[in-house]
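Chain by chain, the residues run as shown.
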Amino acid sequence: MDYRVLGDKVLVRRDPEYQQEGGLLLPSDVKKAPRVGEVISIGEEVARVGLGERVVFHEYAGHFLKADQDLDETDLIVMREDEILAVEDITPLGGGGVG
């Protein structure tokens, strides 16, 4: 199923390596670690994040949706743009930075 998000919302596909496996107990400090995912849809009011960018967000950000079978049962998360903590910077080290 495809989703079109509205307003200031962002749809993120959470990276599988950051998902908790069923039955696996993780230490409490690991459970609270930020999560990473790829932006797959954005609302018309989103200005600072683009499609395909990798973002970091808190464990409790947004609302979870379960993806279709063709997406390998990966979780999708709808969140507000301001719930995103960081966007992965793809600028090579030593080039184009501030300073």
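Here, the structure is the one placed above.
A brief structural summary. (Residues numbered from 1 in each chain as written. Predicted model: local features only at pLDDT ≥ 70, side-chain atom pairs only at ≥ 80, totals over all residues. Heavy atoms only, no water.)

### Topic: the sheet that holds strand β4 (residues 63-66)
Worth spelling out the cut-off: The pairing criterion for strands is at least two bridges between them, as found by DSSP. Going along the chain from the N terminus, every DSSP run of H or I of four or more residues is numbered as a helix, and every run of E of two or more is numbered as a strand. Structural elements are reduced to axes, namely lines fitted to C-alpha atoms, with helices fitted over the stretch in contact, and the angle between N-to-C directions of any two is expressed from 0 to 180 degrees.
With antiparallel pairing, 6 strands are arranged side by side in an open sheet as β4-β5-β1-β2-β3-β6. Of all the strands in the sheet, just β4 and β6 (84-87) have a single pairing partner and so form its edges. Averaged over all pairs of adjacent strands, the angle between their axes in this sheet comes to 40°, without regard to strand direction. Here 5 bridges tie strand β1 (residues 9-14) to strand β5 (residues 75-80), and the two strands are oriented antiparallel to one another. Along β5, the bridge assignment pairs L11 with V78.

### Here we look at the pattern of salt bridges
The test is simple: A carboxyl oxygen of Asp or Glu within 4 Å of a side-chain nitrogen of Lys or Arg is what we treat as a salt bridge. Under the scheme applied here, a residue whose accessible area is under 20% of the maximum for its type counts as buried, over 50% as exposed, and between as partly exposed, the area being computed with a 1.4 Å probe on protein chains only.
Taken as a whole and assessed by the stated rule, the structure comprises 8 salt bridges. K9 is paired through a salt bridge with D8; the nearest N and O atoms lie 3.0 Å apart. Exposure remark for K9: the relative accessible area of 30% places this residue in the partly exposed category. The partner of R13 in a salt bridge is E38, with the nearest N and O atoms 4.0 Å apart. Taken together, the residues span a long stretch of sequence, with R13 in strand β1 and E38 in strand β2 (residues 35-42) at a distance of 25 residues. The class for E38 is partly exposed, based on a relative accessible area of 30%. Overlapping salt bridges, with partners in common, bring together D15, R54 and E88 in one network.

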